[in-house]
Amino acid sequence: MTAVTRNAPWLEFDLGQPMQVLSWSLNRPGFVTARRILWREVRNADLPEGLDVNAWLQRELTNNGATDAVTLLTSRPLRYVKEAEAEVEGIHAHALATVGFSNAERVGHRVDRSGADFGTINVALRVNAGLTQAALLETLSIAVEARTTAVIEAGHKTPMGLTTGTGTDCVAVAAPQGDMRYAGLHTAVGEAVGRAAYDAVRAGAVEWMENRQETGHA
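What counts and what doesn't
- Residues numbered from 1 in each chain as written.
- Predicted model: local features only at pLDDT ≥ 70, side-chain atom pairs only at ≥ 80, totals over all residues.
- Heavy atoms only, no water.
- Buried < 20%, exposed > 50% of the residue type's maximum accessible area, 1.4 Å probe, protein only.
- Helix = DSSP H or I, 4+ residues; strand = E, 2+ residues; numbered from the N terminus.
- Pairing = 2+ DSSP bridges.
- Polar contact = N/O pair within 3.5 Å; in protein donor to acceptor, adjacent residues only side chain to side chain.
- Contact = heavy atoms within 4.5 Å.
- Core = buried A, V, L, I, M, F, W, Y, C linked by side-chain atoms within 4.5 Å.
- Salt bridge = Lys/Arg side-chain N within 4 Å of Asp/Glu carboxyl O.

(A) Up close: the pairing of strand E4 (residues 70–74). Of all 5 residues making up E4, 5 are buried, and the element is well covered by its neighbours. By the alternation rule, side chains of E4 split into Val 70, Leu 72 and Thr 74 and Thr 71 and Leu 73, which are all buried. Summarising the sheet, strand E3 (residues 30–41) and E4 pair through 5 bridges and their orientation is parallel. Across the sheet, Trp 39 pairs through a bridge with Leu 72, a residue of E4.

Now the structure itself:
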C-alpha cells in the first residue's frame, strides 16, 4: 500500500515496498531502488545565489535520515499537492504532483529567468505492474506526455507561446521489477499511468491559474 505523509517542509510518498525508480532527481538520478519518494519544500531564501544545492540537499537528507529516498524540490506549498489514481485491467497507477508556472518555458525556447522566483512541476508516479527497465522508460515517457498535455490545456503563456513545462520540472516513476516489456499508449499500463499523471497535473495547473495572484506560490 502507498501512503502520503506531510511533515513540513517534507512530503513522503511511501511506495509500499522497495521498487525500481527512474527519474532525473538531484540526489538519486537514473535507475535506482527506493522505498519512498520525497518532496522538500523550499523558499527563495533557502536557495541563495551561489549555493551548492546538491550539497545543501544532501545535508538536509542526512539530517532527516532520508538519503535513501529519491527527492524532488518544490517552492509550491505542499498543501497544494494533488493526487490522482487510475485502474485499468487490474493495473493501478497512483500519481502525485505539485504544479507552479513561475519559471515557465515553451519547449525549444528559453526565457531570461535571472532574478525570477523558483517554480516547478514535479510528478511522482507508482504503478503496481512488474516492469522491465525498458517498460519503465516508456512509463516515464507517458507520464511526461501526460504532464505536458495537462500544462498546455491549462493555457498558461510565455512570450514565445503556450507553456509546455518549466525550467526545473522533474518526473519520477516507480514500479516493481518484472517481465512486462511494454507500457505504451496501447497498453493498460500506459492508459492508467497517463490518466493518473494527467489528472494530478491538470488539477494542480488549474488551481495555480485560479490563484496566480496569491503571493509566494510558485
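(B) Seen up close, the side chain of Gln 20. Tracing the backbone shows Gln 20 in strand E2 (residues 10–23). At 2.7 Å, the side chain of Gln 20 and the backbone oxygen of Leu 131 are in polar contact. For Gln 20, the residues in contact, after removing those within four places along its chain, are Val 32, Leu 131, Thr 132, Gln 133, Leu 136, Val 173, Ala 174, Ala 175, Pro 176 and Gln 177.

(C) Broad picture of the pairing of strand E12 (residues 170–175). Counting buried positions over the 6 residues of E12 gives 6, a clear majority of the element. Side-chain alternation along E12 places Cys 170, Ala 172 and Ala 174 on one buried face and Val 171, Val 173 and Ala 175 on a second face that is also buried. Where E2 lies against E12, 4 bridges are found, and the strand directions are antiparallel. Bridge pairing in E12 places Ser 23 opposite Ala 172. The pairing of strand E8 (residues 121–127) with E12 spans 5 bridges and is parallel. When the bridges of E12 are listed, Leu 125 appears paired with Val 173.

(D) View of unusual backbone geometry. For the bond from Ala 8 to Pro 9, the omega torsion is 5 degrees, close enough to zero to count as cis. Unusually for a residue other than glycine, Glu 89 sits at a positive phi of about 50 degrees.

(E) Structural context of the environment of Leu 162. Relative to the elements of secondary structure, Leu 162 occurs in strand E10 (residues 161–162). Judged by relative accessible area, which is 31%, Leu 162 ranks as partly exposed. Spatially, the C-alpha atom of Leu 162 lies 9.4 Å from that of Ala 104, the residues being 58 residues apart in sequence. Apart from residues lying up to four places away in sequence, Leu 162 is in contact with Arg 106, Ile 152, Gly 155, His 156 and Lys 157.

(F) Representation of the nonpolar core within the structure. In this structure, Phe 101 and Val 127 are the most contacted members of the largest nonpolar core, which totals 41 residues. Those elements giving two or more residues to this core turn out to be strand E5 (82–88), strand E6 (91–99), E8, helix H2 (133–154), E12 and helix H3 (188–210). Looking at this core element by element, the count peaks at 11 residues for H3. If you look at the next biggest cluster of nonpolar residues, it comprises 18 residues, including Ala 34, Trp 39, Val 70 and Leu 96.

(G) Summary view of the pattern of salt bridges. Enumeration over the complete set of coordinates arrives at 9 salt bridges. Linking Arg 36 and Glu 12 is a salt bridge whose minimum nitrogen-to-oxygen distance equals 3.1 Å. Here the residue Arg 36 occupies a position in strand E3, and Glu 12 occupies one in strand E2, the gap between them amounting to 24 residues. Taking the relative accessible area as the measure of exposure, Arg 36 reaches 17% and is therefore buried. You can call Glu 12 partly exposed: its relative accessible area is 24%. Ionic pairing is found between Asp 169 and Arg 147, a salt bridge with its closest N-O pair at 2.8 Å. Here Asp 169 is found in the loop between strand E11 (165–166) and E12, whereas its partner Arg 147 is found in helix H2, with 22 residues between them in sequence. Taken individually, Asp 169 and Arg 147 each receive the classification buried, so the pair is uniform in this respect. One network of salt bridges, with partners in common, ties together Glu 12, Arg 36 and Asp 68.

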